[in-house]
Amino acid sequence: MYWKEFMHQCVEIGIGSLGIVSLISVFMGAVSTLQTSYQLVSPIIPLSTIAQIVRDTVILEFSPTLVCIVLAGVVGSKIAGELGNMRVSEQIDALEIMGINTKAYLILPKIAAALLTIPLLVVISMVLGMLGGRFAGAATNILPTAVFDKGLLQNFVPYNVWFAMIKAYTFAFIISSIPAYFGYYVTGGALEIGRSSTKSVVVSCVMILFADYLLAALFLG
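These remarks concern the structure in this document. Model, not experiment: these values are computed from the prediction.

**A few points about the overall build of the protein**
Link 1 in the chain: Tallying secondary structure elements over the protein gives 7 helices and 0 strands in all.
Link 2 in the chain: Ordered by position from the N terminus, the helices and strands of the protein form the series α-α-α-α-α-α-α.
Link 3 in the chain: Seen along its three principal axes, the alpha-carbon backbone of the protein occupies a region of about 70 × 35 × 30 Å.
Link 4 in the chain: Burial analysis of the protein (221 residues in total) assigns 46% to the buried set.
Link 5 in the chain: Put simply, of all contacts in the protein between residues at least 6 apart along the chain, 85% involve residues at least 24 apart.
Link 6 in the chain: Each charge sign in the protein was given a centre, from 11 positive and 11 negative side chains, and these centres are 5 Å apart.

The structure is reproduced here in structure tokens:
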């Protein structure tokens, strides 16, 4: 029963968010390339530096933080709305009467699925962000693909990827646990479900940004 619910949440959270994450990531990388090339106007700086900046920006900040803020809106509102609706329509009370541990059955699979799928979405976002930057660089004649590929490999620090994954797991927990709390403990009717859903997204976004600062201070300071 728990495994079935866990797999259902993996499909809902992971595959359900893949389209929006892919679209954001490609354009994020493309815009990053265009803006970096606009700022680097000095002829002394080699063009491959653009690729290095895009790579590090996408890995360190754009993919983990920006994607997770979008997922806080997409996934968080869905979790809060689903649990809030079950609470208001007394489905949670009915499950408790049947002897089912509702927190373990309804909340735990959502958090576990988020911890599995959101870091994977962040990795996909990193790859697509760099590919988007590569495509934008070639399409606008800013820098050839060979130069971009060379820049991607120059001065690469593997620790940045590990740091991004630490952020991804932290944000995944925030995205799943905060909306679950707001949805599970909602009282009232349909209006309160909407309010708790909105509140959960706002709190999740603020907590992601706060955690982003704390992790950067701890691991990059």
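After presenting the structure, the write-up continues.
**Some remarks on helix α2 (residues 48-88)**
Link 1 in the chain: With 41 residues, α2 extends 56 Å from end C-alpha to end C-alpha; this agrees with the ideal 60 Å at 1.5 Å per step.
Link 2 in the chain: Maximum bend of α2: about 50 degrees, positioned at V58.
Link 3 in the chain: E90 lies just past α2 and shows a positive phi near 65 degrees.

**Focus: empty space enclosed by the protein**
Link 1 in the chain: If you walk through the whole model with that rule in mind, you get 1 cavity of 30 Å³ or more.
Link 2 in the chain: Estimated volume of the largest cavity: approximately 50 Å³.
Link 3 in the chain: Of all the secondary-structure elements, those providing two or more residues to the lining of the largest cavity are α1 (2-39) and α2.
Link 4 in the chain: The greatest single-element share of the lining of the largest cavity, amounting to 4 residues, is contributed by α2.
Link 5 in the chain: Grouping the constituent residues of the lining of the largest cavity by class yields 3 nonpolar, 1 polar and 3 charged.

**A look at the packing of aromatic side chains**
Link 1 in the chain: Counted by the stated rule, this structure contains 6 aromatic pairs.
Link 2 in the chain: Judged by centre distance (5.2 Å) and plane angle (55 degrees), the ring pair of Y181 and Y185 falls under tilted.
Link 3 in the chain: Between Y184 and Y185, the aromatic rings sit 5.0 Å apart at their centres with planes inclined by 80 degrees, giving edge-to-face as the arrangement.
Link 4 in the chain: Residue Y184 is classed as buried on the basis of its relative accessible area, which comes to 1%.
Link 5 in the chain: Here the aromatic cluster, defined as three or more aromatic residues joined through ring pairs, consists of Y181, F182, Y184 and Y185.
Link 6 in the chain: Looking at R87, its charged tip hangs above the ring of Y184, at a distance of 4.7 Å from the centre.

**A word on the nonpolar core**
Link 1 in the chain: Counting 52 residues, the largest nonpolar core has L71, I118 and I175 as its most contacted members.
Link 2 in the chain: Looking at this core, the elements that each hand over two or more residues are α1, α2, α3 (91-97), α4 (102-139), α5 (145-153), α6 (158-184) and α7 (190-219).
Link 3 in the chain: Of the residues forming this core, the biggest block, 13 residues, is contributed by α2.
Link 4 in the chain: When sequence neighbours within four positions are dropped, the list of residues in contact with I118 reads I13, C68, L71, A113, A168, A172 and I175.

Conventions we followed
- Residues numbered from 1 in each chain as written.
- Predicted model: local features only at pLDDT ≥ 70, side-chain atom pairs only at ≥ 80, totals over all residues.
- Heavy atoms only, no water.
- Helix = DSSP H or I, 4+ residues; strand = E, 2+ residues; numbered from the N terminus.
- Buried < 20%, exposed > 50% of the residue type's maximum accessible area, 1.4 Å probe, protein only.
- Contact = heavy atoms within 4.5 Å.
- Lys, Arg positive; Asp, Glu negative; His and termini not counted.
- Charge placed at Lys NZ, Arg CZ, Asp CG, Glu CD.
- Expected span 1.5 Å × (residues − 1).
- Bend = angle between axes of the 7 residues up to and from the residue.
- 1 Å grid on protein atoms, 1.4 Å probe; cavity = no way out; pocket = protein on both sides within 12 Å on 5 of 7 lines; lining within 4 Å.
- Points joined across faces, edges and corners; volume = space filled by probe spheres on them.
- Nonpolar A, V, L, I, M, F, W, Y, C, P; charged D, E, K, R; others polar.
- Phe/Tyr/Trp six-rings, centres within 6.5 Å; stacked < 30°, edge-to-face > 60°.
- Lys NZ or Arg CZ within 6 Å of the ring centre and 35° of its normal.
- Core = buried A, V, L, I, M, F, W, Y, C linked by side-chain atoms within 4.5 Å.

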